[in-house]
Amino acid sequence: MKIAIHGRSFNESARPFIENMFNELSRRKVEVQLSKPFRMFLDQIGIPHYSELVYDKPAELFQADEVISMGGDGTLLETVSHIGKRQIPVIGINVGRLGFLATVSPERISDLVNSLENDQYRIDERTLVALESNTDVFDGLNFGLNDFTITKTDTSSMITVHSYLNDEFLNSYWADGLIVSTPTGSTGYSLSCGGPVLVPHSQNFIITPISPHNLNVRPLVVEDTAVIKLEVKSRSNNFLISLDARSLIVDENTQLTIRKADFTARLIKMLDDSFLNTLRSKLSWGLDMRN
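Criteria and cut-off values
- Residues numbered from 1 in each chain as written.
- Predicted model: local features only at pLDDT ≥ 70, side-chain atom pairs only at ≥ 80, totals over all residues.
- Heavy atoms only, no water.
- UniProt positions renumbered as here; feature names shortened; annotations may be inferred.
- Helix = DSSP H or I, 4+ residues; strand = E, 2+ residues; numbered from the N terminus.
- Contact = heavy atoms within 4.5 Å.
- Areas by Shrake-Rupley, 256 points an atom, 1.4 Å probe, with all protein chains shown as cover.
- Lys, Arg positive; Asp, Glu negative; His and termini not counted.
- Charge placed at Lys NZ, Arg CZ, Asp CG, Glu CD.
- Buried < 20%, exposed > 50% of the residue type's maximum accessible area, 1.4 Å probe, protein only.
- Polar contact = N/O pair within 3.5 Å; in protein donor to acceptor, adjacent residues only side chain to side chain.
- Expected span 1.5 Å × (residues − 1).
- Phe/Tyr/Trp six-rings, centres within 6.5 Å; stacked < 30°, edge-to-face > 60°.
- Lys NZ or Arg CZ within 6 Å of the ring centre and 35° of its normal.

- In the nomenclature of an unreviewed UniProt entry, the protein is known as NAD kinase of Dyadobacter flavalbus.
- Quoted straight from UniProt, the Cofactor (unreviewed entry) entry for the protein says "a divalent metal cation".
- Quoted straight from UniProt, the Catalytic activity (unreviewed entry) entry for the protein says "NAD(+) + ATP = ADP + NADP(+) + H(+)".

This is the structure in structure tokens:
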């Protein structure tokens, strides 16, 4: 078995579980490749990792059977960008914070390694959003699992986002920005801006304005076969675009088209993992502090 691991820093409380994971992988003679930043962190804090294989760029990632993300949801989004069109299955161990995507607790690492070795898991196919533009942005990593976002670059004036749905004019959003979210990203930035929660396999995108000037402008759910074109006007003549955690300032001559990517992210889920359970737990549904 070949496993690649990408991660960030983690709390000291997670150390024994991480050490146990590498002991388990070594005992089972699993071939391991680490991302360069994660290996540097492990060396810094003195955790033996039994691997000399390292990748620094996505193209250097070997053909793993699975990829483990060690962190929170942001780390898993980074890991998906490393995998890209290769669609290697990925699972997140939550040594971060919220954990809508990284759902395996450190205490269950041994269970996870055993499940990977014995193929006792399921694959959850997730839609990705893809960006096309008239300039090369994000060095070819033009896809995201959560969302594509436009935001203003200054703190004073809003921007205007002219939007078209399948070449038909939709709306001119006067706002601080605009989010095009996948169902996976519906529990992220879009949710904090008033967007709805979608179950993961809904075949939709959500168009969510950020602090719109007109209060009657609401989030809109559209089919994920739609092609969304966006033109932005700004007093500063530039604006910020983001795909998941990657962001870039571009000028207002940049043309943007959003559509569903022609490949998916393949998330590994433990057999007892449930999106609805995660939703209730993370959003504290059904809890009343008065009782």
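1. Some thoughts on the overall build of the protein
At step 1: Helix and strand content of the protein: six helices and 17 strands.
At step 2: The principal-axis extent of the C-alpha atoms belonging to the protein is close to 60 × 50 × 35 Å.
At step 3: A separation of at least 24 residues holds for 67% of the contacts in the protein among residues at least 6 apart in sequence.
At step 4: Only carbon and sulfur atoms are counted for the fraction: they give 48% of the accessible area of the protein, which is about 14000 Å².
At step 5: Between the centroid of the 28 positive side chains of the protein and the centroid of its 36 negative side chains there is a distance of 2 Å.

2. Digging into the UniProt feature "active site" (unreviewed entry) in the protein
At step 1: Feature annotation in UniProt assigns "active site" (unreviewed entry) to the following positions: Asp-73.
At step 2: Mapped onto the fold, Asp-73 is located in helix H3 (residues 73-83).
At step 3: Given the relative accessible area of 18%, Asp-73 is considered buried.
At step 4: Among the polar contacts listed, one links the side chain of Asp-73 to the backbone nitrogen of Phe-100, at a separation of 2.9 Å.

3. Re helix H1 (residues 15-27)
Along an α-helix, residues three or four positions apart point the same way, because every turn accommodates 3.6 residues.
At step 1: Between its first and last C-alpha, H1 extends 18 Å over 13 residues, near the 18 Å set by a 1.5 Å rise per residue.
At step 2: Among the residues of H1, Arg-15, Ile-18, Met-21, Phe-22, Glu-24 and Leu-25 are the ones counted as buried.
At step 3: Where H1 is buried, its residues contact strand S1 (2-7), strand S2 (31-35), helix H2 (36-45), strand S4 (66-71), strand S5 (90-94) and helix H4 (109-117).
At step 4: Lys-29 occupies a position one or two residues after H1 and carries a positive phi of about 55 degrees.

4. Side note on the packing of aromatic side chains
Within a pair of aromatic rings, the relevant descriptors are the distance that separates the centres and the angle that separates the planes.
At step 1: Counted by the stated rule, this structure contains three aromatic pairs.
At step 2: Measuring from ring centre to ring centre gives 5.1 Å for Phe-10 and Phe-41, while their planes differ by 85 degrees; the resulting arrangement is edge-to-face. In this pair, Phe-10 is assigned in the loop between S1 and H1 and Phe-41 in helix H2, connecting sequence segments 31 residues apart. Exposure class is identical for Phe-10 and Phe-41. Each is buried.
At step 3: Here the aromatic rings of Tyr-164 and Phe-169 are separated by 5.6 Å at their centres, their planes lie at 65 degrees, and the arrangement is edge-to-face.
At step 4: For Tyr-164, a relative accessible area of 24% translates into the label partly exposed.
At step 5: Lying over the aromatic face of Phe-138, Arg-246 brings its terminal NZ or CZ to 5.9 Å of the ring centre.
At step 6: The cationic tip of Arg-246 hangs over the ring face of Phe-143; the distance from NZ or CZ to the ring centre is 5.7 Å.

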